[in-house]
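So the chains spell out like this:
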Amino acid sequence: MDYQAMLAIGLPIGVGLAAIGSGIGLGGAVGSAMDAIGRNPEASGKIMTSMIIGAALIEALTIYALVVFFMLQGHIGS
Amino acid sequence: MIMKTDSGLNFLDQIVKATAFLLLIFLPLGMYYWTVNNTLALFSGGIWGVINFMFISAITKLVLSPNNSDKIKALKLGIIKFPLLYLAGYFLLSVPQFEAIYLTLGFSSLFAVLILWSLGSLLVPSNWNAKVKDSEVVT
């Protein structure tokens, strides 16, 4: 198996794993934030700030995976 | 009972404004001293990141706010955000003049501002401004 075939198999799997990982991470973050706001509604501003930053970082990691996919995509068919 | 929910959320608006300001300053300087394509790629990536962050922030506030939760509006924003921003990202990545590394760097500029801002607020004590004002009054 040459490297192009390995790329063709590995790239979609990598992006899929990144999406699954970020989905699990975001789900955990939002669930914990809702739990925390339910327990302490006065602190909702601070909890939401931390959660928004966390959510943005998690989504950024998925977008990085997508960027790597686009960078390496051109090597598959050449 | 009126609850304050915006404590700390101003921080996010300040981050967004600071990043946008930084990108606007960088645009003419980069075009003059660096290459036009790379500067535009970095600028577009930065704007993409800022808009993405604003959408995430708005959706999260609408979903999680205990007082004014509006899930329909959040759903509408989500419907706008995901296709529009990912299509914009796809378009930016498919422009041959833009290198993906500079787009990614621009996208990460918001996080760089965030980390530097947090470091600054950790290193500089919160009553620093008050101390400076007091010392000005004394002298």
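Each residue is numbered by its place in its chain's sequence as written, counting from 1. Each chain takes a letter, starting from A, and each ligand takes a number, starting from 1, following the order in which they are written. Confidence filtering applies because this is a predicted model: local features only for residues at pLDDT of at least 70, side-chain atom pairs given and counted only at 80 or more, and all residues used for totals across whole chains, interfaces and linings. In computing side-chain properties, one takes all heavy atoms of the structure into account and sets aside hydrogens as well as water.

## Considering a nonpolar patch on the surface
Residue and element names in this part refer to chain B. Counted only if it meets this: By definition, no residue in a patch forms a salt bridge, and every one has over 30% relative accessible area; like charges are joined within 9 Å, nonpolar side chains (Val, Leu, Ile, Met, Phe, Trp, Tyr) within 5 Å. Accessible areas in this description were obtained via Shrake-Rupley with a 1.4 Å probe; residue shielding takes into account the shown protein chains only. Basic side-chain nitrogens of Lys or Arg form a salt bridge, by our definition, when they fall within 4 Å of a carboxyl oxygen of Asp or Glu. Strands are runs of DSSP state E lasting at least two residues, helices are runs of H or I lasting at least four, and both sets are numbered from the N terminus onward. In this scheme, a residue with accessible area under 20% of its type's maximum is buried, one over 50% is exposed, and one in between is partly exposed, where area comes from a 1.4 Å probe on protein chains only.
A cluster of nonpolar side chains, Ile115, Leu116, Leu119, Leu122, Leu123 and Val124, forms an exposed patch at the surface whose accessible area comes to about 650 Å². Looking at the element boundaries, Val124 is found in the loop between helix H4 (100–123) and helix H5 (128–138). Relative accessible area serves as the criterion here: at 38%, Val124 is assigned to the partly exposed category.

## Re the nonpolar core
Filter applied, for reference: What is meant by a nonpolar core is a set of buried Ala, Val, Leu, Ile, Met, Phe, Trp, Tyr and Cys residues, joined one to another through side-chain atoms within 4.5 Å. Should any heavy atoms of two residues lie within 4.5 Å, those residues are counted as being in contact.
The biggest cluster of nonpolar side chains holds 43 residues, and the ones touching the most others in it are B:Phe53 and B:Phe111. At the level of elements, helix H1 (3–39) and helix H2 (44–73) of chain A together with helix H1 (9–33), helix H2 (36–64), helix H3 (71–94) and H4 of chain B are the ones that each hand at least two residues to this core. Considering each element in turn, this core owes the most residues, eleven residues, to H2(B). Residues contacting B:Phe53, with those up to four places away along its chain left out, are A:Ile52, A:Ala56, B:Leu12, B:Val16 and B:Leu110.

## A closer look at the confidence of the model for chain B
Residue and element names in this part refer to chain B. Condition: One confidence number per residue, pLDDT, is output by the predictor and ranges from 0 to 100.
Per-residue pLDDT for chain B averages 81, and the proportion of residues at 70 or more is 83%. Predicted confidence in chain B is weakest over H5, with a mean pLDDT of 61, and strongest over H2, with 88. Segment residues 1–5 is flagged for pLDDT under 50; beyond a separation of four residues in sequence, or across chains, it makes ten contacts in the model. For this predicted complex, the interface score ipTM comes out at 0.75, while the overall pTM is 0.78.

## What about the packing of aromatic side chains?
For any pair of aromatic rings, the description rests on two quantities: the centre-to-centre distance and the angle between the ring planes. Residues and elements named next belong to chain B. The following threshold applies: Stacked, edge-to-face and tilted are the three classes for Phe, Tyr and Trp ring pairs, Trp counted by its six-membered ring, which pair at centre distances within 6.5 Å; planes under 30 degrees apart are stacked, over 60 edge-to-face, the rest tilted.
Under the counting rule described, the total for this entry stands at nine aromatic pairs over all chains. Residues Tyr32 and Tyr33 carry aromatic rings whose centres are separated by 4.8 Å and whose planes lie at 90° to one another, so their mutual orientation is edge-to-face. Exposure remark for Tyr32: the relative accessible area of 66% places this residue in the exposed category. Judged by relative accessible area, Tyr33 falls into the exposed class, the value being 67%. Here the aromatic rings of Trp48 and Phe107 are separated by 5.2 Å at their centres, their planes lie at 50°, and the arrangement is tilted.

## Observations concerning empty space enclosed by the protein
The rolling of a water-molecule-sized probe over the atoms marks out the regions of remaining empty space. Here is the rule: Here a cavity denotes grid points, spaced 1 Å and computed from the protein atoms alone, that fit a 1.4 Å probe unable to get out, and a pocket denotes an open set having protein on both sides within 12 Å along at least 5 of 7 lines; residues with an atom within 4 Å of a point are the lining. Grid points are joined across faces, edges and corners, and a volume is the space filled by probe spheres set on the points.
Summed over the entire model, instances satisfying the criterion amount to one cavity of 30 Å³ or more. Looking at the largest cavity, its volume works out to about 50 Å³. Lining the largest cavity are A:Ala56, B:Gly49, B:Asn52, B:Phe53, B:Ile56, B:Phe107, B:Leu110 and B:Phe111. Counting residues per element, the ones that place at least two in the lining of the largest cavity are H2 and H4 of chain B.

## Side note on the pattern of salt bridges
All told, the structure shown has two salt bridges over all chains when counted by the stated rule. Here A:Arg39 ties to A:Asp35 by a salt bridge, and the two come within 3.6 Å at their closest N and O atoms. Here A:Arg39 pairs with A:Asp35, and both are found in helix H1, just four residues apart, close to one helical turn. Salt-bridge contacts for A:Glu59 lead to B:Lys81; the nearest nitrogen and oxygen are separated by 2.7 Å. Of this pair, A:Glu59 sits in helix H2 while B:Lys81 is found in helix H3, placing the two residues in two different chains. Of the two residues, A:Glu59 and B:Lys81, neither departs from the other in class, the shared state being buried.

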